[in-house]
Amino acid sequence: MLQLTQQLKDGTMEIIDVPAPMIDENSVLVRNYYSVISAGTEGKNVKDARMGYIAKAKARQKEVKLVIEAAKNEGLKKTYELVMNKLDALSPLGYSCAGEVLAVGSSVRDIQVGDFVACGGSGAVHAEVVAIPVNLCAKVDKSVDMRYASFTTVAAIAMQGIRQADLRLGESCVVIGLGLIGQITIQLLNAAGVDAIGVDIDDRQVALANELGAKVALNRNADGAEQIIRDATGGFGCDAVIITAGTSSTDPVELAGKLCRQKGKVIIVGAVPTGFSREFYYKKELELRMSCSYGPGRYDTDYEENGIDYPIGYVRWTENRNMQAFIDLLEKKKIDMEKLITHTYKINDAKAAYDMILGKNEPFIGVLLQYDKPDLKDKVRIEANKSEVVKGGIGFVGAGSFAQNEILPNIPKSAGLIGVATNHGNTAASVARKFGFENALTNPDGVINDDRIGTVFVMTRHNLHAENVMKCLRAGKNVFVEKPLCLKEEELHEIQALEAKSAGQLMIGYNRRFAPLVQKIKQRTKDDVPKSIIYRVNSGFIPKGHWTQDPSIGGGRILGEVCHFIDLAAYVAGAKITSVYATSVSNADDFNDILTINLTFANGSIASVNYLANGSKALPKEYLEVFYAGTVYIIDDYKKMDIYGSKAETIKMPSRDKGHKNEVKAFLDAMQNRKAAPISADDIFNSTLATFKVLESLATKQVIRLA
């Protein structure tokens, strides 16, 4: 199937062949008929991508500051690689489309194969086929023109602005900015019995708004514009102003303050500055509100990804219900979309559409991309990367930013990169092209069951680790899984049983074991001599909505990250963990990410792991102290180590090195030479079990002893 992509580095656009997306239990697979190009949001993204590096830096100063901070911690070379990896990626475009349902997830009830739907969100991209969460799909009656339906998500943005204005029948509203969203807003207000007044700086947009039913529409710079609007509202001023313009000027917000009546509302839908003069907002006691995208549910993982709806008695208008309301208006022919569609391009001509929008060489409002029947494939071959490997090659299941930045750069193409599977076809194709994989896929089973692949790297989100590890072990494949191994203790026991009888080997990404400074400690200490270990981790705050904090997806920070530090303590101690006791500081979100863990080991060693999410970003993240037979080793964020013994010594690294390169090399060397994995299965299971026991200790407030 075909998909439009662009490189953030220089704005290069390509129509590429990608594998069809996979759907989960809460998603729908849709064959696109049409998708809408958002001249505002997408136009800005494309314009920014086509800028030179200096112009990009000026336009995105926040990101520049992050790059500077990264350079301080990671070094210039590493930071450059991180930035270029992001800029080189084949990024998708689009967020509003409509088409026919090809397949539905097991938990989807109200949508069936063959239904027509309008789609929104980050999955509603410019591609022949898309995978969309069910709450971002709205059914479309077959009497509705699919061209019109493809505007549904854009219209939901307009509708949410009106909801925020909370207007009543017979009231008046000024719409500032008469682009696509503004023109739809005018029509929605008319349909709701609200007097719609339009303002723009383009006479053509003003004329169109008048044609579409605005009570008054006029140019912002027209003589007496403010007085005309006051007259149109009986001399009182309008009840609300909805700003749908996109500009760096404060004029729309200032104008809104002048046009509103006493105690009126100003709603910001477009991208405009919110700074304004005090005079009108203060004297009139105006209310300024932001409107968030398509409506309630937007950016809520439970709603958008997990398919959990809000009860209608508590949230009358969700983003999905806003979408459905617009489709109902289309069905009743209350909205005229024909006058808004100025251009339609075939998907293969998409670049010309964006060139027209950015060049502004002809008038436009609604710009559509049209699609033919797709050629669906579950695997796309990258001919330039054809491998001669017939057995023992490498496959990847998942290839997000961590895999692309820390793992893949350390695997030589000569190792035989056969297949990479990711949720999104454009990601799989991008990774395959960049790193040398022969095949791009979206179904993990296509990698795991490939006879040419002997070793699989599992780099998915945490909730999919156990499932894919077990599939690999059953297939007799070597498997390298990024931590954590699993999210449930019963999964751990199942993996243990499979590993014991599998022909494949198991390895986990506990990279800190392989850090050069940690290796120096191991070289200078003996496992049978007890050690006292203190590990402080300034982990930083992660908000509730982040996927790592979701117990069902990320597992929380104890299972998702603390496992690293528990394992390293065991490795440095040189013995198995025998007991766990944990205490935490309570917080409103109940995250258990401010805690102290005390460990004991079979050789008499002890360790304290202090994982703290309530610190300052100015403090380096990790600080390890190892007390051993009259000597103290102190690793400061993997950039230097101070040693206090018979004499003081300091070892400095050129840049922070947490061992990823050494880890990958050690694993691949072991697999190639048919040796045991660098981390034994017993160590993996012991550290993983100890991590689960941290949760048990927190719940019971007891010391938990490991059998």
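All of these numbers come straight from a predicted model, not from anything done at the bench.

*Asks:* Give a detailed account of the packing of helix α6 (residues 152-165) against helix α7 (residues 180-191), specifying residues and quantitative values.
*Replies:* The relative placement of two packed helices is expressed as an angle between their axes plus a distance between the axes. Two numbers describe how α6 lies on α7: the axes approach to 9 Å, and their chain directions differ by 55°. Here α7 runs oblique to α6, going by the angle between their axes. For the element pair α6 and α7, the recorded crossing hand is right-handed. For the pair α6 and α7, the contacting residues are V154, A155, I157, A158, M159 and I162 in the first and L180, I181, I184, T185, L188 and L189 in the second. Of the residues that constitute the contact of α6 with α7, the class distribution is 11 nonpolar, one polar and no charged.

*Asks:* Lay out the packing of aromatic side chains in plain terms, naming residues and giving numbers.
*Replies:* Under the defined criterion, the tally for this structure stands at 11 aromatic pairs. Residues F396 and F457 carry aromatic rings whose centres are separated by 4.7 Å and whose planes lie at 5° to one another, so their mutual orientation is stacked. Of this pair, F396 sits in strand β18 (residues 393-397) while F457 sits in strand β21 (residues 453-458), and the two are 61 residues apart along the sequence. For the pair formed by F396 and F457, the shared burial category is buried. Among the aromatic side chains, those forming a connected cluster through ring pairs are F396, F437, F457, F480 and F667.

*Asks:* Before we move on, could you go through the packing of α6 against helix α13 (residues 319-331) and cite the residues and values that matter?
*Replies:* The interhelical angle for the contact between α6 and α13, taken along N-to-C directions, is 105°, at an axis separation of 8 Å. Taken together, the axis directions place α6 and α13 in an arrangement best described as roughly perpendicular. Where α6 abuts α13, its residues T152, T153, A155, A156, M159, Q160 and R163 lie against N322, M323, A325, F326, I327 and L329. Here the residues of the contact of α6 with α13 sort into eight nonpolar, four polar and one charged.

*Asks:* Describe the sheet that holds strand β20 (residues 439-441), with residues and values.
*Replies:* Taken together, seven strands build an open sheet; the order of strands is β17-β20-β19-β18-β21-β22-β23 and the sheet is mixed. Of all the strands in the sheet, just β17 (379-381) and β23 (506-508) have a single pairing partner and so form its edges. The average angle at which neighbouring strand axes cross in this sheet is 20°, direction not considered. Those strands touched by helix α16 (residues 425-435) are β19 (417-421) and β20, and its axis lies near 160° from that of β20. Contacting β18, β21, β22 (478-481) and β23, helix α18 (residues 465-474) crosses the sheet at an angle of about 165° to β22.

*Asks:* Give me empty space enclosed by the protein: which residues, what numbers.
*Replies:* In this approach a probe as big as a water molecule rolls over the atoms, and the regions it shows empty are the leftover space. Inspection of every chain in the model, using the stated rule, returns three cavities of 30 Å³ or more. Of the pockets and cavities examined, the largest cavity occupies roughly 40 Å³. P484, L485, C486, Y510, L559, C563, T688, T691 and F692 are the residues that line the largest cavity. For the lining of the largest cavity, the element with the highest residue contribution is helix α23 (residues 681-700), accounting for three residues.

Rules and cut-offs
Residues numbered from 1 in each chain as written. Predicted model: local features only at pLDDT ≥ 70, side-chain atom pairs only at ≥ 80, totals over all residues. Heavy atoms only, no water. Axes fitted to C-alpha atoms, helices over the stretch in contact; angles between N-to-C directions. Helix = DSSP H or I, 4+ residues; strand = E, 2+ residues; numbered from the N terminus. Parallel < 35°, antiparallel > 145°, perpendicular 65-115°, else oblique. Left-handed = near helix turned anticlockwise from the far one by under 90°. Contact = heavy atoms within 4.5 Å. Nonpolar A, V, L, I, M, F, W, Y, C, P; charged D, E, K, R; others polar. Phe/Tyr/Trp six-rings, centres within 6.5 Å; stacked < 30°, edge-to-face > 60°. Buried < 20%, exposed > 50% of the residue type's maximum accessible area, 1.4 Å probe, protein only. Pairing = 2+ DSSP bridges. 1 Å grid on protein atoms, 1.4 Å probe; cavity = no way out; pocket = protein on both sides within 12 Å on 5 of 7 lines; lining within 4 Å. Points joined across faces, edges and corners; volume = space filled by probe spheres on them.

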